[in-house]
Amino acid sequence: MNGAGIHAFGGYVPRLRLQRQVIAEANAWFNPALKALGRGERAIAGWDEDPITMAVEAARDCLARRGRDGIAQVILASTTLPFQDRQNAGVVAEALHIAGDLGTLDIAGSQRAGTSALIAAGQVARGGGGPVLVASAEKRPTKAASPLELTTGDAAAALLVGEGDGLAKLLGHATRSADFVDHYRGQDERFDYVWEERWLRDEGFLKIIPRAVASALSAADLDAGAIDHFCFASPMRRASSSVAKKLGVPERSVRDNLQGMCGEAGAAHPLVMLAHALEDAAPGERILVVGFGQGCDALVFETTEALAEMRPERGVSGYLKRGRADTDYHRFLGVNDLVALEHGLRSEADRQTGLTTLYRNRGMVLGLIGGKCSRCGTVQFPKSNVCVNPNCHAADTQADYPFSEMRATVRSYTADRLTYSVAPPAFYGMVQFEEGGRAMIDFTDIDADATLSVGTPMRMVFRVKDYDARRGFRRYFWKATPEAPCLDAGLPTDDRYC
């Protein structure tokens, strides 16, 4: 059986960072003890983001330099998947233009879903069935005034696992199953029920993890002292150091769990920490990744010389650097449906999706596929039977042409407070694609007081278009967001996006 390794990696952290001090102060009347957690910030996804959209962004970051050809399977791991009975990984595959002759799989039900997906991908790759794209993302709802509200965060990571060493070869792994319940979320329940931290630490972390790690290190023919990067996701203070001491892993090897600037992203967090570690690692270093939840997964990797050639386009570090502080706690509660807001009459329109229309137009809707005339080369969105070039007008010459990775610039825009929006105002406008073609499209990740300009560079992102709360369906489409390098290009725009 051949070996397996990571061949590409990427990450995604939403732009807005809610300041924990604001959360603690708002709820101090009820739970003053929250002030102890009121330091740093947590990443918060926008109203139009969910685990599917964040997984798409992480996967785009992962595959930007490698390309998308040859992928045999897409696995999406999360405990907050938008659909209980619809293949969430299939939506990711459609958005990435790789749907078709490949397998898709959702993995859920445990906080170690991300590491379990990574182990499964390694087993597939060793058997010659790869490459496998593993993505994991979380957007965990939390009760107001709960410790989880301050310690969790939204984020995603993606790794391409294939045959051969890649940039980090899998030396060994182990799994230990135990029905150890430190928290749970029952059927049809929205929020986690959490047990005490001491129980989790003493009976869970310090007793279950060492056994799985010992087996993984044995499979890798290593001792704990040889580990250079230890990735263990827990918001508990000093938990990582306590576990590392128990394992014999050097204190210097314990990775920052990103609690100060992101928060714990549930099942995705071990993979987020792994992607972050790969950004910092040098060739020949060993990385131990632990996923905990009703047992433990442990994986040991060793980086190779190929690591230097396959850095992600943005990576976890790049997305962390682009964060913008947010102090509007009430908006956070409102857009996440944690308080009952009066949305007004305009919100009551029926948003039923015609599933037949969605399927027939899935390339355009989910993949942002337009057309390119095979006669004159004109590109256009949307695709049509007749070329839009007035000097051509050829019929039936349109070939599929993707617009999702094409940059664009603003031609016109408006901020509309009459149109219903979950987070008003609704920004939208006309964008001009760099290779040709224009589209009227929604804008996202724009502050209410933003000052955009004609010529502002824009990037396409996959987001939730709207929600059909009546039927539990959400519709996806692509939106435009300001591109970060705009200042370098000397173009007029609001510098908050750069």
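In this report, we go over the structure that sits alongside the text. None of the values given here were measured: they were computed from a predicted structure.

**Here's the deal with the state of the cysteines**
For the structure on display, the rule yields 0 disulfides. Cysteine C62 remains unbridged, with the sulfur of C231 as its closest cysteine sulfur at 16 Å.

**Structural notes on the sheet that holds strand β3 (residues 41-43)**
Strands belonging to one sheet form pairs held by backbone hydrogen bonds; the direction of such a pair is parallel or antiparallel. Pairing in this open sheet of 3 strands is mixed, and the strands run β3-β2-β14 from one edge to the other. Here the strands that pair on one side only, and so sit at the sheet edges, are β3 and β14 (324-326). The sheet shows a mean angle of 40° between the axes of neighbouring strands, direction not considered. Taken together, the 3 bridges between strand β2 (residues 16-19) and β14 define a ladder with parallel strand orientation. The residue of β14 that forms the bridge with L18 is D326.

**Remarks on the packing of helix α2 (residues 51-63) against helix α3 (residues 88-95)**
Packing of α2 against α3 brings their axes to within 9 Å, and their N-to-C directions diverge by 45°. For the element pair α2 / α3, the angle class is oblique. In this structure, α2 crosses over α3, and the sense of that crossing is right-handed. Mapping the contact onto sequence places I52, A55 and V56 in α2 and N88, V91, V92 and A95 in α3. Here the residues of the contact of α2 with α3 are counted per class, giving 6 nonpolar, 1 polar and no charged.

**Considering the nonpolar core**
Core analysis: the largest hydrophobic core is formed by 105 residues, its most contacted members being L133, L278, F301 and F443. Here this core gets 8 residues from one element, more than from any other, and that element is α2. Ignoring sequence-local partners within four residues, the contact set of F301 consists of I6, L118, A168, K169, L170, L171, L274, E285, R286, I287 and V289.

**Observations regarding unusual backbone geometry**
Working note: non-glycine residues mostly have negative phi, and peptide bonds are mostly trans. Following F381, the chain continues into P382 via a peptide bond in cis, with omega recorded as 0°. In this structure, P382 sits in the loop between β16 (379-380) and β17 (398-402). At the junction of P424 and P425, the peptide bond is cis and its omega measures out at 0° in the coordinates. Note that P425 resides in the loop between β18 (408-416) and β19 (426-433).

**As for the pattern of salt bridges**
A complete count under the given rule lists 32 salt bridges for this structure. Note that R459 and E57 form a salt bridge whose closest N and O atoms lie 3.0 Å from each other. Of the two residues, R459 is situated in strand β21 (residues 457-468) and E57 in helix α2; the sequence distance between them amounts to 402 residues. Accessibility expressed as a relative area gives 8% for R459, which makes it buried. Between E203 and K207 there is a salt bridge, with the nearest N and O atoms lying 2.9 Å from each other. A residue pair is termed a helical-turn pair when its members lie 3 or 4 positions apart in one helix, as E203 and K207 do in helix α6 (residues 197-220) at 4 residues.

Quick notes on the rules
- Residues numbered from 1 in each chain as written.
- Predicted model: local features only at pLDDT ≥ 70, side-chain atom pairs only at ≥ 80, totals over all residues.
- Heavy atoms only, no water.
- Disulfide = S-S within 2.5 Å.
- Pairing = 2+ DSSP bridges.
- Helix = DSSP H or I, 4+ residues; strand = E, 2+ residues; numbered from the N terminus.
- Axes fitted to C-alpha atoms, helices over the stretch in contact; angles between N-to-C directions.
- Parallel < 35°, antiparallel > 145°, perpendicular 65-115°, else oblique.
- Left-handed = near helix turned anticlockwise from the far one by under 90°.
- Contact = heavy atoms within 4.5 Å.
- Nonpolar A, V, L, I, M, F, W, Y, C, P; charged D, E, K, R; others polar.
- Core = buried A, V, L, I, M, F, W, Y, C linked by side-chain atoms within 4.5 Å.
- Buried < 20%, exposed > 50% of the residue type's maximum accessible area, 1.4 Å probe, protein only.
- Salt bridge = Lys/Arg side-chain N within 4 Å of Asp/Glu carboxyl O.

Everything listed is a geometric property; what it means functionally is a separate question.
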